[in-house]
Amino acid sequence: MHITETSRLSLPEAAKEFIKSAYAELGISDQAESRLDEISRQISATGTYVHTRTELEHGARMAWRNSNRCIGRLYWKTLKILDAREAETDQEIFDALCRHLEFATNGGEIRSSITIFRPASPGSAAPRILNDQLIRYAGYRDESGNITGDPSQEQFTRMCVEMGWTNPEKSRFDLLPWVWQWPGREPVLAEVPSGLVMEVPLVHPFLEWWEELGLKWHAVPVISNMTLEIGGILYTAAPFNGWYMGTEVGSRNLGDVNRYNLLPLIAEKMGLDTADPAILWKDRALVELNTSVLHSYSRAGVSMTGHHEASEQFVHFEQTECKKGRATNADWAWIVPPMSASATEVFHREYQNRVVCPNFFYR
Ligand code: ARG
């Protein structure tokens, strides 16, 4: 977990800092004092306070805006909030997660969304989602150590199997179930309704054999293992999504050696001599893999941004932030795309990586 300015603050101090800045941004500074009085009464009486709908919405948007590793932050104001603070039963959690997928996927026209479950507070337990994303593919290790599927999910997959999850397929792209947990209770496992998961089969604009590779990826990345912190309140379950940048799928998920590791196979299919590093077979395979991803998502009508566009949008974000008198903090190593780095503008810029709240943190 990052050390933050705010997490060193007491709850009343963190609340004050958040209310002052959020209300100023919303143009309702005149209401801040009375709201802070109310909050301190609530904290004295109950040990915590409850965000209004407006605070929750703007706080979550600020948390996105402050996410130093995200290149897509130009759109922070469009984040849609699904308020699930009332969810108490496992059925209600399940329903809220289903609703998130349906709302966010929106037939391919992806809506950046966050579902916010109740926060941890004195006398009231908060749930946690154990999946790192709501949609991920299982990874199975066989006796000889080979992995079918996504190696990054091998441990989680094993945990699911130990919990009694049976999956007949053992394919490269088995959808993992959801697992969530209330403090002091056994984790709960639920199959994701496959009808709610949009997937994109990968084709290539001119390599006809590509389709036979049988590759695909899911449409929406929904991060589910981070805690949202707003004004000192910790929302331990707050799954959120944007849309993909092509390289996340084409370079990293499918290309990384410790993920699907597809570059050798693709290079071979392309007829490249993989014994000769100087012909740049990895680079050529990467270009075709990324071309396939961008082409396929576009053909399927699923929102996705390219890394060149995303870089331009980020520079635009910096400018709009600057006009508002705010500094843009960023984690350079995460902002710079994993391919053709120096051909994007962000590569040539420098960033401070100061962590500001509201924000998202790893647990
Ligand atoms: N890189 C992660 C993945 O490929 C997703 C991270 C969030 N990405 C996003 N575009 N919002 O699954």
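Residues numbered from 1 in each chain as written. Predicted model: local features only at pLDDT ≥ 70, side-chain atom pairs only at ≥ 80, totals over all residues. Heavy atoms only, no water.

Engineer: Tell me what's going on with the overall build of the protein chain, and back it up with residues and numbers.
Structural biologist: Counting its regular elements, the protein chain contains 10 helices and 16 strands. In terms of overall dimensions, the protein chain is globule-like: its C-alpha atoms have a radius of gyration of 22 Å, near the 21 Å expected for 363 residues. With the C-alpha coordinates of the protein chain rotated into their principal frame, the extents come out at 70 × 50 × 35 Å. Within the protein chain, the proportion of its 363 residues that are buried is 50%. In the protein chain, 66% of the contacts between residues at least 6 apart in sequence involve partners at least 24 apart. For the protein chain, the exposed surface amounts to about 17300 Å²; the carbon and sulfur share of it is 50%. Taken as two groups, the 36 positive and 47 negative side-chain charges of the protein chain have centres that lie 5 Å from each other. (Helix = DSSP H or I, 4+ residues; strand = E, 2+ residues; numbered from the N terminus. Rg over C-alpha atoms; globule rule 2.2 N^0.38 Å. Buried < 20%, exposed > 50% of the residue type's maximum accessible area, 1.4 Å probe, protein only. Contact = heavy atoms within 4.5 Å. Areas by Shrake-Rupley, 256 points an atom, 1.4 Å probe, with all protein chains shown as cover. Lys, Arg positive; Asp, Glu negative; His and termini not counted. Charge placed at Lys NZ, Arg CZ, Asp CG, Glu CD.)

Engineer: Describe the side chain of Thr-157, naming the residues involved and giving the relevant values.
Structural biologist: Here Thr-157 is to be found in helix 5 (residues 154-162). Only 2.5 Å separates the side chain of Thr-157 from the backbone oxygen of Gln-153, close enough to count as a polar contact. Those residues in contact with Thr-157 that lie beyond four places of it in its chain are Ala-138, Gly-139, Tyr-140, Trp-165 and Leu-176. (Polar contact = N/O pair within 3.5 Å; in protein donor to acceptor, adjacent residues only side chain to side chain.)

Engineer: Break down the packing of aromatic side chains for me, citing the residues and quoting the values.
Structural biologist: In this structure the tally under the stated criterion is 11 aromatic pairs. Between Phe-314 and Tyr-351 the ring centres are 5.7 Å apart and the planes differ by 75°, which places this aromatic pair in the edge-to-face class. A residue pair is termed long-range when its members are at least 10 positions apart, and Phe-314 in helix 9 (residues 307-323) and Tyr-351 in the loop between helix 10 (332-335) and strand 16 (359-362) qualify at 37 residues. For Tyr-351, a relative accessible area of 15% translates into the label buried. Of the aromatic side chains, those joined through ring pairs into one cluster are Tyr-137, Phe-173, Trp-217 and Tyr-260. The ring of Trp-76 has Arg-65 lying over it, and the distance from NZ or CZ to the ring centre is 4.6 Å. One residue, Arg-111, lies across the ring of Phe-103, its end atom 3.9 Å from the ring centre. (Phe/Tyr/Trp six-rings, centres within 6.5 Å; stacked < 30°, edge-to-face > 60°. Lys NZ or Arg CZ within 6 Å of the ring centre and 35° of its normal.)

Engineer: Quick rundown of the site of the ligand? Include the residues and the values.
Structural biologist: Taken together, Gln-133, Arg-136, Pro-221, Ile-223, Gly-242, Trp-243, Tyr-244, Glu-248 and Asn-253 make up the full set of residues near the ligand. For the ligand, a nitrogen atom lies 2.7 Å from a polar atom in the side chain of Glu-248. Grouping the constituent residues of the shell around the ligand by class yields four nonpolar, three polar and two charged. (Near = heavy atom within 4 Å. Nonpolar A, V, L, I, M, F, W, Y, C, P; charged D, E, K, R; others polar.)

Engineer: How would you sum up the environment of Ser-311? Please name residues and give values.
Structural biologist: Topologically, Ser-311 is positioned in helix 9. Overall, the relative accessible area of 2% leaves Ser-311 in the buried class. Residues Ser-311 and Glu-345, 34 residues apart in the sequence, show an inter-C-alpha distance of 6.3 Å. Discounting chain neighbours no more than four positions away, the residues touching Ser-311 are Ile-71, Thr-344, Glu-345 and Val-346. A polar contact is formed between the side chain of Ser-311 and the backbone nitrogen of Glu-345, at a distance of 3.2 Å.

Engineer: Account for the sheet that holds strand 1 (residues 80-84), naming residues and giving values.
Structural biologist: Sheet strands pair by backbone hydrogen bonding; their relative direction is either parallel or antiparallel. In space, the four strands of this open sheet follow the order 1-2-13-10, with mixed pairing throughout. Each of the sheet's edge strands pairs with one partner strand only, and the pair in question is strand 1 and strand 10 (222-223). Across five bridges, strand 1 lies against strand 2 (residues 113-117) in parallel orientation. Residue pairing in the sheet places Leu-82 in a bridge with Thr-115 of strand 2. Across the face of the sheet, helix 4 (residues 90-105) comes into contact with strand 1, strand 2, strand 10 and strand 13 (240-241) while running at roughly 170° to strand 2. (Pairing = 2+ DSSP bridges. Axes fitted to C-alpha atoms, helices over the stretch in contact; angles between N-to-C directions.)

Engineer: Got a sec to walk through the pattern of salt bridges? Specific residues and values, please.
Structural biologist: Going through the model one piece at a time under the given rule, you end up with 19 salt bridges. Between Glu-154 and Arg-141 there is a salt bridge, with the nearest N and O atoms lying 3.5 Å from each other. Pair noted here: Glu-154 is in helix 5 and Arg-141 is in strand 4 (residues 139-141), with a separation of 13 residues, a long-range link. What emerges from the salt-bridge pattern is a single network uniting Glu-25, Arg-65, Glu-321 and Arg-326. (Salt bridge = Lys/Arg side-chain N within 4 Å of Asp/Glu carboxyl O.)

Engineer: I'd like a rundown of the packing of helix 1 (residues 11-25) against helix 2 (residues 32-46), residues and numbers included.
Structural biologist: Where helix 1 meets helix 2, the closest approach of the two axes is 10 Å, and the angle between their N-to-C directions is 155°. It follows that helix 1 is roughly antiparallel to helix 2 by the angle criterion. Helix 2 is crossed by helix 1, and the crossing has right-handed handedness. Here Leu-11, Pro-12, Ala-15, Lys-16, Ile-19, Lys-20 and Tyr-23 of helix 1 lie close against helix 2, whose contacting residues are Ala-32, Glu-33, Arg-35, Leu-36, Ile-39 and Ile-43. Across the contact of helix 1 with helix 2, the residue classes break down as nine nonpolar, no polar and four charged. (Parallel < 35°, antiparallel > 145°, perpendicular 65-115°, else oblique. Left-handed = near helix turned anticlockwise from the far one by under 90°.)

Engineer: So what's going on with the nonpolar core? Residues and values would help.
Structural biologist: The biggest cluster of nonpolar side chains holds 51 residues, and the ones touching the most others in it are Leu-101, Phe-117, Trp-217 and Tyr-297. Contributing elements (two or more residues each) for this core: helix 4, strand 6 (178-181), helix 7 (263-269) and helix 8 (281-299). With sequence-adjacent residues up to four places away left out, Leu-101 is seen in contact with Leu-134, Ile-135, Trp-178, Val-192, Leu-196, Val-197 and Val-222. Listed in part, the 40 residues of the second largest apolar core include Ile-19, Ala-60, Tyr-351 and Phe-360. (Core = buried A, V, L, I, M, F, W, Y, C linked by side-chain atoms within 4.5 Å.)

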